[in-house]
Structure formats: structure tokens, C-alpha cells
Amino acid sequence: MSREDLSDTLRILVATDCHLGYMEKDEIRRHDSFKAFEEICSIAEDKQVDFLLLGGDLFHENKPSRSTLVKAIEILRRHCLNDKPVQFQVVSDQTVNFQNAFGHVNYEDPHFNVGLPVFSIHGNHDDPAGVDNLSAIDILSACNLVNYFGKMNLGGSGVGQISLYPILMRKGSTTVALYGLGNIRDERLNRMFQTPHAIQWMRPEIQEGSDISDWFNILVLHQNRVKSNPKNAISEHFLPRFLDFIVWGHEHECLIDPQEVSGMGFHITQPGSSVATSLIDGESKPKHVLLLEIKGNQYRPTKIPLTSVRPFEYTEIVLKDEDDIDPNDQNSILEHLDKVVRDLIEKASKKAVNRSDIKLPLVRIKVDYSGFMTINPQRFGQKYVGKVANPQDILIFSKASKKGQREGTIDDSERLLPEELNQQNIEALVAESNLKMEILPVNDLDVALQNFVNKDDKLAFYSCVQYNLQETRGKLAKDSNAQKFEEDDLILKVGECLEERLKDRSTRPSGSSQFLSTGLTSENLTKRSSGVANASFSDDEDTTQISGSVPATRGRRGSSTSTSRGRAKAPTRGRGRGKASSAMKQTTLDGSLGLRQSQRSASASFKSASTIVEDDVDSPSSEEAEPEDLNKVDSSSEEEENTRGKGRKRKATTTKRGRGRGTGTSKRGRTNESSSSLHRLLSSKDEDEDEDDEEIEKKLNRSQPRVTRNYGALRR
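Rules and cut-offs
- Residues numbered from 1 in each chain as written.
- Predicted model: local features only at pLDDT ≥ 70, side-chain atom pairs only at ≥ 80, totals over all residues.
- Heavy atoms only, no water.
- Helix = DSSP H or I, 4+ residues; strand = E, 2+ residues; numbered from the N terminus.
- Expected span 1.5 Å × (residues − 1).
- Buried < 20%, exposed > 50% of the residue type's maximum accessible area, 1.4 Å probe, protein only.
- Contact = heavy atoms within 4.5 Å.
- Salt bridge = Lys/Arg side-chain N within 4 Å of Asp/Glu carboxyl O.
- Axes fitted to C-alpha atoms, helices over the stretch in contact; angles between N-to-C directions.
- Parallel < 35°, antiparallel > 145°, perpendicular 65-115°, else oblique.
- Left-handed = near helix turned anticlockwise from the far one by under 90°.
- Nonpolar A, V, L, I, M, F, W, Y, C, P; charged D, E, K, R; others polar.

Engineer: Got a minute to help me understand helix H2 (residues 32-46) in this structure?
Structural biologist: One turn of the α-helix equals 3.6 residues, which is why residues spaced by three or four share an orientation. If you check H2, its first and last C-alpha atoms are 21 Å apart, about what 15 residues at 1.5 Å a residue would give, namely 21 Å. Every buried residue of H2 is accounted for by Asp32, Ser33, Phe34, Ala36, Phe37, Glu39, Ile40, Cys41, Ile43 and Ala44. Next to the buried residues of H2 lie strand S1 (10-15), strand S2 (51-54), helix H3 (66-80), strand S14 (288-295) and strand S15 (298-305). Once H2 ends, the next one or two residues include Gln48, with phi positive near 55°.

Structure, rendered in C-alpha cells:
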């Protein structure tokens, strides 16, 4: 190629699914992924390409180990940092293309000599997660080794909305628009493609002397392509017709030769993986990378084989079709399988290109044992230790079924892969069951489930509940009558808040309505749990709070509930304290949100509290107390002051009377004395025993006054 042609030709090396760190704990196969990636980078240097394009799943794990990260950085530093000039330029808005702190392509950084730029999207194995929505590729991007693009922030309501901005490149007279779409769950992206205006494709601006058709449009994506269930895959016909070339990641079978899609006008290449991660037929095909040369609107593909990949031989046999096997003789089955394995090992050794570095091959035999006995695969593989790389799983047994015969082309092991299962989201389950979510939004539960399963986020559901709880509190706080809600109306009010919150989310900017879970550390959880124990009962209008040493009684059941009632009634003896406490009978916002005593605890303590209420119907703290009761109160208070010092020394296990009945073990000595004096006070006056049960229940259901500790003396 002449020098003039080189100045107008953009040369790109395309690879996908490197899966760095795969089988890193296996003594034989732990270096396979790194050797293949090193070879890819070496080919890029030897062919003097303008940049290396990766189609996702650079790492095998969402959180790669330190060893994997170090090895990846070492390979990129060896091959990408040099003094070679970069012959193309990026002419688009780089702050939109590269969502990092620097906002420009890495070779334009004056502090680095980048001779081989690397552009990469994320896949389903290394997708972003966490508080800051970061991926393992963000680490390489921060090191200025990789240009990370195609990272989408799903915004809007429903399935969401994304906008694809291309990276506009220019080399001489050749202009390329590179679109990137990182992995999105296939079910969701499938719905987005079928929803109008959910995906917006941004086209280059038309400039003087040029036409929009002069741009060569490339799309890089990482999604399921071939599926038995069309909802779990992306059809080629979803893509826009203005595209010229598509690099399809995620599928590991190497279909490197570009294939034209009928009626669409573009070609698709599927480079496949550089390391075999599944022992299936598709992975056994030779591995390649693609050299793509673009000049104007024309391109030329050149496939380049990878020689450092471990050889993999796959075959299928049906025992009933073999003539030399006796169904009743297990030894004949073993002899036949041994012969097949030896032939595959010999076949793999003949394919070795570099005789000085012959690797142990991967061997997989799918055996249809219909009508025959099975054998132990582990015991069978022991004789091949040191001869094959996978002695434990050489054999996989299957039976032919009518369903399998109808499907035919779908491999059993392929069907068992976790990624291949027919998954269903929460939104679809709710729609099928005709259910209505009244408290938590469906989308938030769906995101929490995905984070918990796919990203190993232990706090996903906790964060979902906490986020919605805070949002509901904010909505209820805006209502002026928030403190007057009855328990029966609370669920209805929360349901109304849910609808209002969903409407508000649709008007917010993208990303503002998502809850983040990984920011909740164990330390924060500890603080929150301790905060509940020291909770304050005060509202915004009332700044009086309980001391931190006072144990909170809100939310406790049984004995704690009755204890709080006994203490709450104690300061109400006398007319003055009764008025003060009646003015404090308010329901806090936390109580209206479900932190009040549950119906179960109320019913459990009803029996112990009923005697208290019956004895306390005409207590001196009520507004209808007679004037002469003040003298009785004063006299009883003097008796209480005289006996309080002695009461502190008494044991907490003393039998309680009056209001103390039904409570747990007393933590302070005052309880016994105050209850005994209260009993003497109540026995000295006439009590109205004829109050009906309805008034008793009304008294129980009324909001309890705030608990205070300053009840030592009674106001006169």
C-alpha cells in the first residue's frame, strides 16, 4: 500500500471477549486469557494499526482480583505506551464521548506517550456498578491506558431512554463515526428498541463541502444475538439502516467473516472470544481477530488467527450407533471412549503451530448413552491427568429426548449456562399476576434483584427499601395534615404517595431517581441501628428530646409497651401535669410511617393495660378531677418523697402492683415505689367501675404522650 493510501486509510484491529482472569485459580489454565490478550496487542503493534477496538468483557469478573488488574495493566503498558505518532484525530465533543474526570482521548494527554490507543465498551461480565457506577474498565481509563466509551445512563420513566453520541474520527479524507453501546440487560434493551423514541441515534453535523453520507458508521455492542426466546436477544433488524459495519460482542463462537443482513444494508462481524470459557462446539472453532481497513466508504476485512490459544477438540458420539459396543459390557464402553480421547489428543497435537510450546489440549466428548449404562466421568478422567487440561470433565452424558430432537441444534451444555436461562423480571411477573404495587415501585425492585443476583450486592434490597422510605417520608412531610393520619388511612396515603413519586421521577433528570446500595457500609448500618435505640420522640415543633441514656420504647412489643405506658402515666398525677401531657399527645411522622406500636403488640399488651385503664378512669390527671383531690395528691406525693430513697435500694424483682403489673424486669428502683403510691392514691378515692369497653378501647387507641424522665416532683 502506498504512502498516500496509508494517510487516508484508518486501520482498526477488532477483538471481543478477552475474559482476563478466567480460571485464574487453575494451575494449568490460569495464564490462558493473558497470553491471548498479549498476542492481540502484539498483532496490533506489528500491523501498525491506528487503534485497538474491544467489544466488551475485557475482564471475566465484575470485580477482578488484584493479580488480574496488575497483569492487564502490565500488558497495556508494554504495548500501548511508546513514541509512535497517532495518525488520526477525534473531532467530536470528547466530554460527551468519554465520561471520566479528564474528558478527552488518552493520547492527547501531554503527560503520556500513547502510541496505540485502545477503545473499549463494557460487557455483561465487567459492567459498571456501585455508588459511582464504576466498572473495572474505569480503572484502566483512570490510568490513561484505555478510552472507555458506550457507558449509558438510563433515564426517564418506564424502560428508560438513552442517546448514542458517536466518536467522530478523521484520518485524511476518511471520516468514521464510532457508536458504542455497553451491555444492557437483553430484556430491557429489547423493550427499548420497540418503544418509540427510547433510543436516539445522534448523527454527525453536516458541514460545508461534505455530506452526511461521507461518514462510515460503525456500531460496537455486547448483547445476545441468537436465542430461542426472542425477548432475551437483540434482533439485527432493530438496528438503524444508516449503519455500515457492526461489531457484535458477547457471542463466543468465532464468525469473523462479515455477513450482510438482508434488507438492512450493513455487515456484521462476530470475532468471538479469545479464550474458551465453555466446553461447547461453538468454542472449539479456531479463534481469530479482525483487521479492518477503512478508506472513504469502503472497507477491507482481514482475519488473523490467534496461535497462543489452547487447542480445544470437541466431538459427539451416540453409543447405540457404534457397532463395537456391547450394551451389557461396561468395559467395551470404556475401551471405545478411551480410543476416542486418544484420537482427539493426537489430532490436537498435529494442529500445534509452535512445536516448542505445545499446550495440553482441552477435550470434550458429548455422549448419548440412551439404552446404555453411564460411567463416572471423574474416575474416567484420572488416567488423563497430565495429558489434557481438563481431566475432570472430559465426558458429558446426555439422553436423546423428543424435545431435544425437535430443537436439534441447541447444545445441552449451552442450555445449562446461567446466562442462557430464560429469565423474567419482576415487572413481567407483576403484570402476569394482575398485582398492584402499593408501597415499592416495580422498577426499583427489579433493579435491586439484578444488583443482588448479578453484582453480588448484599445491600441491594435494603437500599431499595431505605430509598423509598425516605422518599415517602418527604412526600408525607409536605402534607400539612401529616400528623393527623389514622392507622387505617396510612396505607392508602402511602399508595397515593407512590403514584405521586412515580410521576415526579418521570420529570427528574436522568439518573436522579436511582437508588445506590453499595455506599451503605457495615459502619453505616451500625450507626443506623444504634440510632434507632437512641431515637427521639420529638417533632419539629417540639424540641424536647429524651436523654440518650433512656432506652427507646417505640417499636418494642409485649412488656416494653406496657412499661412505656406506666411511665407515661406517672407524670400525669395532678392537674398541672395532666394538662401538659394532654397538650403533648401528637403522633410523630415516624409513627405515621409505621414506627408506632404494631397492632400485634397492642393486642398483646391489652390485657395487662386494661386493669390500668379501669383503675385510672377518674385519675387526678384528668380534666374532671374535683378540687379536693389536690390535697390527696399532695399528701400522697409527700409519702412518695419520703419512701423514694428506700425504694431505690429494693430489688427489681419485687412483685409489682397497679400499673407495674405485666411489665418486664424493672431497670430502676423507682417503678415499684411509684406504682405502690399510685395504688394507695387510687384506692383512697371512689372509682367508677361502670365505664363501658368502648371508652376503654378509645383510651387505648389514643396517641400516647411523650415519655419524659423529669417526673420526680408533682406540680401543685
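Engineer: I keep staring at the environment of Ile345 and nothing clicks. Help me out?
Structural biologist: Take Ile345: it is sitting in helix H7 (residues 330-351). Expressed as a C-alpha distance, the spacing of Ile345 and Phe312, which sit 33 residues apart in the sequence, is 9.3 Å.

Engineer: Would you take a moment to explain the pattern of salt bridges for this structure?
Structural biologist: Once the charged atoms of two side chains with opposite charge are near each other, the side chains can pair. Applying the stated criterion to the full structure yields 17 salt bridges. Its salt-bridge partner being Glu187, residue Arg185 comes within 3.8 Å of it at the nearest N-O pair. Assessed through its relative accessible area of 23%, Arg185 is described here as partly exposed. Note on Glu187: relative accessible area 15%, which makes it buried. Note that Lys383 is salt-bridged to Asp338, the shortest N-O span being 3.3 Å. Placement of the pair is Lys383 in the loop between helix H8 (377-381) and strand S18 (395-398) and Asp338 in helix H7, with a sequence separation of 45 residues. Classification of Asp338 by relative accessible area gives buried; the value is 11%.

Engineer: Help me understand the packing of helix H12 (residues 442-454) against helix H13 (residues 460-477) in this model?
Structural biologist: Packed helices, taken two at a time, are described by the angle their axes make and the gap between the axes. For the pair H12 and H13, interaxial distance at closest approach is 8 Å and the crossing angle is 155°. On the basis of the axis angle, H12 is roughly antiparallel to H13. As for how H12 packs across H13, the hand of that crossing is right-handed. Mapping the contact onto sequence places Asp444, Leu445, Ala448, Leu449, Asn451 and Phe452 in H12 and Ala460, Phe461, Cys464, Tyr467 and Asn468 in H13. Grouping the constituent residues of the contact of H12 with H13 by class yields 8 nonpolar, 2 polar and 1 charged.

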